[in-house]
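This is what each chain is made of:
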There are 2 protein chains.
Amino acid sequence: MAKASTVYDVAGHAGVSIATVSRVLRRPDDVRASTRDKVLASVAELGYVPSANARGLAARRTGVLGLYFPNLDAMEELDDGEFDASSLVEVVQDIPDSGLVRPPNLYFDEVLRGSELEAWRQGFALMVGVGRVAYPADMVNDIAGRVDGMAVLAQSIPDSVLQHVSRRIPIVLIAGPRRGDSYDHVSVSNSEGMGALTTHLLDSLAVTDFAYVAGPDDSPDGAERYSGFRQALHSRGLDPDARPVLHGGFSRQRGREVATQLVNDGKLPRALVCGNDQMALGALDVLRAHGVRVPDEVIVTGFDGIEAGQTSSPRLTTVRQPMVDLGRAAMRVMLSRLEDPKQPPISVRLPVKVLLRESSEGPVDSSS
Amino acid sequence: MAKASTVYDVAGHAGVSIATVSRVLRRPDDVRASTRDKVLASVAELGYVPSANARGLAARRTGVLGLYFPNLDAMEELDDGEFDASSLVEVVQDIPDSGLVRPPNLYFDEVLRGSELEAWRQGFALMVGVGRVAYPADMVNDIAGRVDGMAVLAQSIPDSVLQHVSRRIPIVLIAGPRRGDSYDHVSVSNSEGMGALTTHLLDSLAVTDFAYVAGPDDSPDGAERYSGFRQALHSRGLDPDARPVLHGGFSRQRGREVATQLVNDGKLPRALVCGNDQMALGALDVLRAHGVRVPDEVIVTGFDGIEAGQTSSPRLTTVRQPMVDLGRAAMRVMLSRLEDPKQPPISVRLPVKVLLRESSEGPVDSSS
DNA sequence: ACCGAAACTGTATGCGCATACACTCGGCGG
DNA sequence: CCGCCGAGTGTATGCGCATACAGTTTCGGT
């Protein structure tokens, strides 16, 4: 590592020109086999690794796709802790589930996985950025300068910034509402999914007594879901406005608070429809603690399909978002845009799955 | 996006030289305020975003740190599915927990989070790569050419490749065993943690009848944990070799298989010590299905501290790895190495926490 | 009003690679 | 035996920026 070797070093060592070295690496078939072997031997000998910067500069593309997340509260909590190795083991009664120490966002992780997978399959590297509240613009700019295209989750970026960077690279919006119609967009069927779930409760389980636990007011996903809920009720002649809406925050803790309130007020509905899984799990925590039987007394449903809903007891009925596919789709759309920059804006809408489990359907054999 | 503008465009637009533009962006204080404003106005006007490639080339550093994961079986499963939007909603009884459709690796996700956090805090971007079995060398090389330093998880890379790229950039190994003594290394106290947990079972719960469910043979973490288990027994005068060892694969399914076997053979031990949480959860599945009471009849323990162990019933006693800190520590070590390339190899060992929960301690109030 | 230092800005160069183009060389048809 | 062609290789250039260095302006002091 004394000094990274360059094409020139390799060329000198192999007795060829730098052009030949470059060809051996980029278009091996254009080089005579014997020459190629000579060069490759030198590459190995010198530990040569091409500089992506130089390559990117010369080729006018970086070969990198970007993925930008908004910052979820959970991440910030990590900021403080210094790791301290004073003792290598500590035996403790379990730390309380703060919901923060263990970041709960399966959601992003899966989008990330999907993106990573698709990007590499298409021959691109992936760069990840998680927004810190303080200086989103700088980070976004930084990433934008490093990539050939960038996917942005929900509304993690102010419009002005988005507009600025979009003059350099294509932008794909993931989830969230459309923003203007100049960007490509990938989202899931939030309203249809919640609608289908609600309809199931209405038609198959004959539920009419609902309460809805909404997400944060500024969540477009949350809004779409609630809208789906309302439409389902409306289509069956029920008045959505007659159903109580409890405002949450998409956190487990918030779900607990809402449920606690309902219990205390003695206003438990037949079905508690939650805007996401975290809140539903929080509600389950409270109901279980109060001895309320789910689903016999109260049906609870979520949205997202996170893993924890699969191992909770009872297991959570929910709407599964194809989060991995969201990431994959975003990357594909981006590549398609790179290939043909002037095609009209693309908008992909991914299907969801309503998963019926014990929190709504009653006991099911879980011996699997 | 017609044609990304450059320093030259901005310089021309603002009526200054490119050097001044560059300075405005890099060292604003070296430029007169009035000039700076002029330039910034042009930057905004033109939608200028500096090319990280050019910058990196000129500055001889990329400002990016790399993180490379081995490929876990789970990822591959995603390869096939095309997303198909023929229907936007589908209502289904829950799909069986294949353990594949929902990638279970909280582990990597958290290391990633930690890395991402620390990298950005230090002013670096993060690039992620997940190894595909087919061509790890190419991917590693590719990343190595793009970053100032790379962290590698466990043994995801052949020694030869590692050696090659390490001539260009510093490498930090995360988890896994040391490899030679030329690389920096970050790991957790696997053996100490498992030792402490085992000792607790021995001393506080008076268990002597153990069975150990090991991980895959090629997992160094698994080996260290088993070693900690053995040492604990040995230190209490018990013979480790008298305790059955069941070989697993770190998957939930494997945990189920092992547990099923034990049940069928009527050889359930007092305590089932598992090499990771996934297997432990799989064992819980089976024990519950067979009506075996945990922890009254059988104590089950895991290792890792994944979230699912926190919501399982009973909640899982385990050893919590500071996975987020692993990532953070790796990045810090890397930066320290970049600052002073010739300091002796660093080896950081992070502490773990033994978390006592209901799968070993009996009923606990879980109303929280 | 003059001088020198300090503050500021411009000019020139190179980072490491891809690639257009020029060139060499061997084989082939005429 | 000559000229032509294509495979293979070398030469020269530019990608967009940072920065050393040179040049210019500003400003305090006298």
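Residues numbered from 1 in each chain as written. Chains lettered and ligands numbered in written order. Predicted model: local features only at pLDDT ≥ 70, side-chain atom pairs only at ≥ 80, totals over all residues. Heavy atoms only, no water.

### Considerations on the overall build of chain A
Scanning chain A from terminus to terminus reveals 15 helices and 13 strands. Here chain A holds 368 residues, and 57% of them are scored as buried. Pairs at least 24 residues apart make up 71% of the contacts formed inside chain A by residues separated by at least 6 positions. For chain A, the computed accessible surface area is about 14,800 Å², with 51% contributed by carbon and sulfur atoms. (Helix = DSSP H or I, 4+ residues; strand = E, 2+ residues; numbered from the N terminus. Buried < 20%, exposed > 50% of the residue type's maximum accessible area, 1.4 Å probe, protein only. Contact = heavy atoms within 4.5 Å. Areas by Shrake-Rupley, 256 points an atom, 1.4 Å probe, with all protein chains shown as cover.)

### Focus on the packing of helix 11 (residues 252-265) of chain A against helix 12 (residues 277-289) of chain A
All names here are of chain A. Close contact between helix 11 and helix 12 brings their axes to 6 Å; oriented N to C, the two are set at 45 degrees. Classed by the angle they form, the pair helix 11 and helix 12 counts as oblique. Considering the relative orientation of helix 11 and helix 12, their crossing is right-handed. Residues R252, G255, R256, A259, T260 and V263 of helix 11 touch helix 12, and the partners they reach there are Q278, M279, L281, G282, A283, D285, V286 and L287. Along the lines of polarity and charge, the residues of the contact of helix 11 with helix 12 split into seven nonpolar, four polar and three charged. (Axes fitted to C-alpha atoms, helices over the stretch in contact; angles between N-to-C directions. Parallel < 35°, antiparallel > 145°, perpendicular 65-115°, else oblique. Left-handed = near helix turned anticlockwise from the far one by under 90°. Nonpolar A, V, L, I, M, F, W, Y, C, P; charged D, E, K, R; others polar.)

### Let's talk about the sheet that holds strand 7 (residues 210-214) of chain B
All names here are of chain B. Reading across the sheet, the four strands line up as 8-7-9-10 and stay open at both edges, with parallel pairing between neighbours. With partners counted over all chains shown, the strands left at the sheet margins are strand 8 (245-247) and strand 10 (299-301), one partner each. Across this sheet, the average inter-strand angle for adjacent strands is 20 degrees, counted without regard to direction. Pairing of strand 9 (residues 271-274) with strand 10 involves three bridges; the strand directions are parallel. Looking across to strand 10, one finds that L272 is bridged to V300. Helix-sheet contacts for helix 11 (residues 252-265) involve strand 7, strand 8 and strand 9, and the interaxial angle to strand 8 is about 135 degrees. (Pairing = 2+ DSSP bridges.)

### Let's talk about the nonpolar core
Within the largest apolar cluster, 98 residues are counted, with the highest numbers of intra-cluster contacts made by F69(A), I174(A), F210(A), F69(B), I174(B) and F210(B). Excluding residues that lie within four positions of it along the chain, F210(B) makes contacts with T198(B), L201(B), L202(B), F229(B), L233(B), R243(B), P244(B), P269(B), A271(B) and V273(B). Within the second largest apolar cluster, 42 residues are counted, among which are V152(A), Y183(A), I143(B) and M150(B). (Core = buried A, V, L, I, M, F, W, Y, C linked by side-chain atoms within 4.5 Å.)

### Observations regarding the confidence of the model for chain A
All names here are of chain A. Mean pLDDT over chain A works out to 86, with 87% of the residues at or above the 70 mark. Looking over chain A, one finds the lowest element-wise mean pLDDT in helix 5 (residues 73-76), namely 44, and the highest in strand 10 (residues 299-301), namely 97. Between residues 73-85, whose pLDDT stays under 50, and residues either more than four places distant or in other chains, the model counts 27 contacts. Every residue in residues 95-104 scores below 50 in pLDDT, and together they form 23 contacts with partners more than four places removed in sequence or on other chains. (pLDDT = per-residue confidence, 0-100.)

### Considering the protein's contact with DNA strand C
Residues in close proximity to DNA strand C total 25 residues, the closest being V7(A), S22(A), R26(A), Y48(A) and T35(B). Restricting attention to atoms of DNA strand C within 4 Å of the protein, one finds that 59% of them are sugar or phosphate atoms. At a separation of 2.4 Å, a phosphate oxygen of DNA strand C approaches a polar backbone atom of V7(A). R55(A) has a polar side-chain atom sitting 3.1 Å from a phosphate oxygen of DNA strand C. (Near = heavy atom within 4 Å. Polar contact = N/O pair within 3.5 Å; in protein donor to acceptor, adjacent residues only side chain to side chain.)

### Quick word on the packing of aromatic side chains
Residue and element names in this part refer to chain A. Counted according to the given criterion, the structure contains eight aromatic pairs over all chains. Seen in terms of ring centroids, F210 and F229 are 5.6 Å apart; in terms of plane orientation they differ by 80 degrees. Their pairing is edge-to-face. Of the two residues, F210 sits in strand 7 (residues 210-214) while F229 sits in helix 10 (residues 220-235), which places them 19 residues apart along the sequence. Exposure remark for F210: the relative accessible area of 1% places this residue in the buried category. On the basis of an interplanar angle of 50 degrees and a centroid distance of 4.9 Å, the ring pair of Y212 and Y226 is categorised as tilted. Separated by 14 residues along the polypeptide, Y212 in strand 7 and Y226 in helix 10 bring together distant segments of the chain. Across the pair, Y226 and Y212 agree in class, each one buried. Each residue in the set F210, Y212, Y226 and F229 is aromatic and connected to the rest through ring pairs, giving one cluster. (Phe/Tyr/Trp six-rings, centres within 6.5 Å; stacked < 30°, edge-to-face > 60°.)

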